[in-house]
Amino acid sequence: MNKSIELESKYGAHNYHPLPVVLTRGEGVYLWDDAGNKYLDMMSAYSAVSHGHAHPRLVKTLTEQAAKLAVCSRAFHSEKLGAFLKRVCELTGMDMALPMNTGAEAVETALKAARKWAYKVKGVAADKAEIIVCSGNFHGRTIAIVGMSSEAQYKDGFGPFPAGFKTIPYGDADALEKAIGPNTAAFLVEPIQGEAGIVMPPAGYLKKCADICRKHNVLLIADEIQTGLGRTGALLACEHEGVKPDGLILGKALGGGLLPVSAFLARRDVMLLFTPGDHGSTFGGNPLAAAVGLEALNVLVEEKLAARSAELGSYLLEKLATLKSPFIKSLRGKGLFVGIEIDPHRAPAREVCERLMAQGILSKETHATVVRLAPPLVVTREQLDWAVERIALVLKEMGELKAAS
């Protein structure tokens, strides 16, 4: 066994099942392992590396700020935070932001904000607020969040869970309207479900949900941790249907592939319900994170990464559609956020990913049936062509092996 893998297995909790590769370096869309092998990254760390690995502008910002001031806590002001919050609010059209570190922390912040709004503004009785979520959701793995998950493994052995969540089918706007009651505070939804396997709702779904929430005085909170910041071909996936949510959750790409940076953004009347001591984070909004987050947003805009994602995502789906392999059950996605659903009767998606790794492509299966393709947004057509050729080769080889057996 590889020494690094052996040490990780011996001393690290077994809460992941990584592919057997030890990565040591990244640049742009490429990664290298400890044996010097080169790979095309078709996963982008679940969209956290949308800008590409070691983007020169981001690395420069990181190193310069780290040499000046990295962490000082929110007990004091810092010169970088205000500019970062202003930029993220202006780009997304939101009023105010509360910075955190990981996506799950930003989701927890959104849950607290929605509940306090329900009690202080909507008039819901104490401890009665409900938040509606969707089946197949993935918002993180804290106790509260896994409690509202429909994935059995995420819950197994971790209860009891906080109350106050109601689950409805994803993509069914009528189910949302039926589920809303006098105690409903918010509807928390992913515009496209990533961890569920790049699941697309019906056209017009989000717009209809927004109208229903407005009609019933319910907050619409969009979890755009994976879909946000250009991944689907627009700055926010909500923009595809002209929807402006009441609350917005960002993470992943906000840290430029260098740091964990997240934020909950909302209307001013929602955010101003937080008072000193209500919520906090030692590292959330630290000068290093704020400087990198600001530069990540600037790079995103100046390099037109959302437009690149729209153009190249369509191109990738067109190329994949030509493969005509019996192993492919369906293709779906938007922008550079694509899922290849593998027929489980023919092969598990993990086997496809392992064979792709041998061909120089790194991806990861989700829910055992879908191969996720979400490269850095700086990828080129030529690199996508090469990736599709390797995918075709792997599926052809697997078909030949199956026929021979």
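Because the structure is predicted, anything quoted here is derived from the model rather than measured.

Enquirer: Residue-level account of the pairing of strand β2 (residues 30–33), with values.
Expert: Sheet topology note: the strand β1 (residues 23–27)/β2 ladder contains four bridges and is antiparallel. Of the residues in β2, the one forming a bridge with E27 is Y30. Here β1 folds back onto β2, and the loop between the two strands holds two residues, one of which, G28, carries a positive phi near 65°. Looking at chain direction, β2 and strand β3 (residues 38–41) are connected through three bridges and run antiparallel. Looking at β3, one finds that L31 is bridged to Y39. Once β2 ends, the chain turns through four residues before running back antiparallel as β3, passing G36 with a positive phi of about 90°.

Enquirer: Outline the sheet that holds strand β8 (residues 219–223), supporting the account with residue identities and numerical values.
Expert: Across the sheet, which stays open at both edges, the seven strands sit in the order β4-β10-β9-β8-β7-β5-β6 with mixed pairing between neighbours. Only two strands of the sheet have a single partner each, and these edge strands are β4 (96–100) and β6 (165–168). Ignoring which end each strand starts from, the neighbouring axes of this sheet average 20° apart. Where strand β9 (residues 247–250) meets strand β10 (residues 262–266), four bridges bridge the pair, whose relative direction is antiparallel. Across the sheet, the residue bridging to L248 is L265, located in β10. Where helix α4 (residues 81–92) meets the sheet, it contacts β4, β9 and β10, and its direction lies at approximately 120° from that of β4.

Enquirer: How would you summarise the pairing of β8 if you had to cite specific residues and measurements?
Expert: β8 sits mainly inside the fold: five of its five residues count as buried. Looking at chain direction, strand β7 (residues 184–189) and β8 are connected through four bridges and run parallel. Of the residues in β8, the one forming a bridge with L188 is I221. The β-α-β motif built from β7, the intervening helix α9 (residues 205–215) and the parallel element β8 has right-handed crossover chirality. Examined bridge by bridge, β8 and β9 share three bridges and lie parallel to one another.

Enquirer: Pulling in residues and values, what's your account of the nonpolar core?
Expert: In terms of nonpolar packing, the biggest core is built from 81 residues, with F84, L176, F187, L254, L265, V371 and L373 touching the most fellow members. Sorting elements by how many residues they give to this core places helix α14 (residues 381–404) first, with seven residues. Ignoring any residue separated from it by four or fewer positions in sequence, one finds L254 in contact with F84, V88, L229, V261, S262, A263, V292, G293, A296 and L297. Listed in part, the 31 residues of the second largest apolar core include V107, L111, V124 and I145.

Enquirer: How would you explain unusual backbone geometry if you had to name every residue and give the values?
Expert: Following G159, the chain continues to P160 via a peptide bond in cis, the omega torsion being 5°. With respect to the helices and strands, the residue P160 is situated in the loop between α7 (152–155) and β6. One non-glycine residue, I198, adopts positive backbone phi at about 55°. Assignment of secondary structure puts I198 in the loop between β7 and α9.

Enquirer: Describe in detail the packing of aromatic side chains, supporting the description with residues and values.
Expert: Following the criterion strictly, the structure yields three aromatic pairs and no others. For the ring pair Y30 and W32, a centre distance of 6.4 Å and an interplane angle of 55° mean the geometry is tilted. Relative accessible area serves as the criterion here: at 23%, Y30 is assigned to the partly exposed category. The class for W32 is buried, based on a relative accessible area of 16%. Judged by centre distance (5.6 Å) and plane angle (70°), the ring pair of Y170 and Y205 falls under edge-to-face. Highlighted residues: Y170 in the loop between β6 and α8 (173–179) and Y205 in helix α9, separated in sequence by 35 residues.

Enquirer: Please set out the sheet that holds β1 residue by residue, giving values where relevant.
Expert: As a general point, the strands of a sheet are linked pairwise by backbone hydrogen bonds and lie either parallel or antiparallel. Pairing is mixed across the open sheet formed by four strands, whose spatial order is β1-β2-β3-β13. Each having just a single partner strand, β1 and β13 (361–362) make up the two edges of the open sheet.

Enquirer: Describe the side chain of E224, listing the residues and the values that go with them.
Expert: As for its position among the elements, E224 is in the loop between β8 and β9. Within the buried set, E224 has no salt-bridge partner at all; the shortest N-O distance to an opposite charge, 10 Å, is to R231. Polar side-chain contacts of E224 include one of 2.8 Å to the side chain of T227. Side-chain polar atoms of E224 contact the backbone nitrogen of A237, separated by 2.8 Å. Not counting the four nearest positions on each side in its chain, E224 is found in contact with P191, L236, A237, C238, L248, I249 and L250.

Cut-offs applied
- Residues numbered from 1 in each chain as written.
- Predicted model: local features only at pLDDT ≥ 70, side-chain atom pairs only at ≥ 80, totals over all residues.
- Heavy atoms only, no water.
- Pairing = 2+ DSSP bridges.
- Helix = DSSP H or I, 4+ residues; strand = E, 2+ residues; numbered from the N terminus.
- Axes fitted to C-alpha atoms, helices over the stretch in contact; angles between N-to-C directions.
- Contact = heavy atoms within 4.5 Å.
- Buried < 20%, exposed > 50% of the residue type's maximum accessible area, 1.4 Å probe, protein only.
- Right-handed = clockwise from strand over helix to strand, strands pointing away.
- Core = buried A, V, L, I, M, F, W, Y, C linked by side-chain atoms within 4.5 Å.
- Phe/Tyr/Trp six-rings, centres within 6.5 Å; stacked < 30°, edge-to-face > 60°.
- Lys, Arg positive; Asp, Glu negative; His and termini not counted.
- Salt bridge = Lys/Arg side-chain N within 4 Å of Asp/Glu carboxyl O.
- Polar contact = N/O pair within 3.5 Å; in protein donor to acceptor, adjacent residues only side chain to side chain.

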